[in-house]
Amino acid sequence: MTQGEAGLRSTRSRPTMREVAALAGVAIKTVSRVFNGVPTVDPAIVARVREAADKLGYRPNLTASSLRRGDGRTATIGMLVEDAANPFSAALTRTVENVARERGVLVLVGSLDENPARERELAQALIDRRVDGLVIVPAGRDQSYLISEQRSGTRMVFVDREAGLLDADAVVSDNRQGAVTAVNHLLGAGHRRIAYLGDRASIPTAAQRFDGYRHALEVAHVECDDRIIRHVGSSEEAAIAATEQVMSLPDPPTALFTSQNLVTIGALRALRALGLQDTVAQVGFDDFPLADILNPGVSVIAQDIEQVGKTAAEMLFRRLDGDESPARTITVPTRLIERGSGEIPAKGPRHD
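Predicted model only: the values in this text are computed from it and were never measured. (Residues numbered from 1 in each chain as written. Predicted model: local features only at pLDDT ≥ 70, side-chain atom pairs only at ≥ 80, totals over all residues. Heavy atoms only, no water.)

## Some words on the sheet that holds strand β4 (residues 155-159)
The pairing of strands in a sheet happens through backbone hydrogen bonds and is either parallel or antiparallel.
Item 1. Pairing within the open sheet is parallel, and its six strands lie in the order β2-β1-β3-β4-β5-β11. Edge positions in the sheet fall to β2 (106-111) and β11 (329-332), since each of these pairs with one other strand and no more. The sheet shows a mean angle of 15° between the axes of neighbouring strands, taken without regard to direction.
Item 2. Inspection of the sheet shows strand β1 (residues 76-81) paired to strand β3 (residues 133-136) by four bridges, in the parallel sense. Among the inter-strand pairings, G78 is bridged to a residue of β3, identified as L134.
Item 3. Of the strands in this sheet, β1, β2 and β4 are in contact with helix α6 (residues 87-102), which crosses β1 at around 170°.
Item 4. Across the sheet, helix α13 (residues 305-320) is in contact with β1, β3, β4, β5 (169-173) and β11; its angle to β4 comes to roughly 165°. (Pairing = 2+ DSSP bridges. Helix = DSSP H or I, 4+ residues; strand = E, 2+ residues; numbered from the N terminus. Axes fitted to C-alpha atoms, helices over the stretch in contact; angles between N-to-C directions. Contact = heavy atoms within 4.5 Å.)

## Description of the confidence of the model for the chain
Atom-level detail of predicted coordinates should not be read off regions where pLDDT is low.
Item 1. When the pLDDT values of the chain are averaged, the result is 92; 92% of them are 70 or greater.
Item 2. Here residues 1-10 scores under 50 on pLDDT; set against residues more than four positions off or in separate chains, the count is two contacts. (pLDDT = per-residue confidence, 0-100.)

## Quick look at the environment of S173
Item 1. Considering the arrangement of structural elements, one finds S173 in strand β5.
Item 2. Taking C-alpha positions, S173 is 30 Å from T74, a pair spaced 99 residues apart along the chain.
Item 3. Ignoring any residue separated from it by four or fewer positions in sequence, one finds S173 in contact with Q303, V308, T331, V332 and T334.
Item 4. Within the structure, S173 has its side chain in polar contact with the side chain of Q303 (distance 2.5 Å). (Polar contact = N/O pair within 3.5 Å; in protein donor to acceptor, adjacent residues only side chain to side chain.)

## With respect to the sheet that holds strand β6 (residues 194-198)
Item 1. On the basis of which strands lie adjacent, the open sheet formed by six strands has the order β7-β6-β8-β9-β10-β12 and mixed pairing. Each edge of the open sheet carries a strand with a single partner, namely β7 (229-231) and β12 (334-337). Averaged over all neighbouring strand pairs, the angle between strand axes comes to 15°, with direction disregarded.
Item 2. In this sheet, strand β8 (residues 255-258) lies alongside β6 in parallel orientation, the contact comprising four bridges. Bridge pairing in β8 links L197 to T258.
Item 3. Along the sheet, helix α9 (residues 175-188) contacts β6, β8, β9 (281-285), β10 (299-303) and β12; its crossing angle with β9, the most-contacted strand, is approximately 170°.

## Regarding the domain arrangement of the chain
Item 1. Along its sequence, the chain is carved into domain 1 (3-55), domain 2 (76-167) and domain 3 (175-303 + 336-343).
Item 2. Centre-to-centre separation of domain 1 and domain 3, based on C-alpha positions: 59 Å. (Domains from an automatic or database assignment.)

## A few points about the packing of aromatic side chains
Item 1. For the structure on display, the rule yields five aromatic pairs.
Item 2. Between F35 and Y58, the aromatic rings sit 5.4 Å apart at their centres with planes inclined by 65°, giving edge-to-face as the arrangement. Within this pair, whereas F35 is found in helix α3 (residues 28-35), its partner Y58 is found in the loop between α4 (43-56) and α5 (62-68), the two being separated by 23 residues in sequence.
Item 3. Judged by relative accessible area, F35 falls into the partly exposed class, the value being 22%.
Item 4. Under the relative-accessibility criterion, Y58 is labelled buried at 8%.
Item 5. Note on Y196 and F210: the rings are 4.8 Å apart at their centroids and 55° apart in plane angle, and the pair reads as tilted. Here Y196, found in strand β6, pairs with F210, found in helix α10 (residues 204-219); they are 14 residues apart in sequence, far enough to count as distant. Exposure class is identical for Y196 and F210. Each is buried. (Phe/Tyr/Trp six-rings, centres within 6.5 Å; stacked < 30°, edge-to-face > 60°. Buried < 20%, exposed > 50% of the residue type's maximum accessible area, 1.4 Å probe, protein only.)

Take a look at the structure:
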């Protein structure tokens, strides 16, 4: 006999409910009631059944159990984010997970990479796995592909961006006003050459932040110069290149508004490489780890990610509990955190 054949023969199937019932000396139906949490089962029997299950290494088939339940619930929800590795997405996911855990619900997470086709693919995959609801940071502008699922009872809440062509709940940050606050803060330090570095303009949150940037300059009667505006996407490398480009201009900016956390980090790296971190001001949108211990610390417009995630999760569970009120959008305020980089004053004459 070969080693592989011996391994195959030593492999046994998973323990069954029937084996648990036999070891515990109860009926199969009793084992089922124990693992379904039926409160009327005698505590002594519950202990005996669980002891037998532990000895055998038995784990209940949750999918099969959900199919037998009257409400068809699986105690799972799906969550789709831009990139699970991004600090914003990670914090958002953890907050939703904390709320779900209190209800004994598991969160299944996928990254969309700002790809609308992947959004549809992963949303359908989660629906096929019979998740009870969805929390989605949409990558595309059209979520009408979910209309039939919504009518069939799948509950869903959109986060960071509202759904397109679909009447659904949403929880968003006040992106436009946050950008206005950032630019006004730099204007207050005397800056008039304020560059904008942000994500692709096709992304709704990026568009809102860019609109806030332009509005603040317009109100202050400051020229919006296309030469110092860059829609670079969401990579550090692209942000580094864009920062180097604008700082090499004959009339470079004296301040940067970087409207996404990875763009902020990339711009920060570029400024440090150029030796400009103490003379060029910077305010970023979205906080990120270690921003407070750098020198100077990075001033940011911080989203209340915990409140956004908590609100979205609670909204979803209210829907799952039977809330049939009209869909609504909740806007969560942002706040400016002053740490040093955004307070660097402008040098030289103003460009009014």
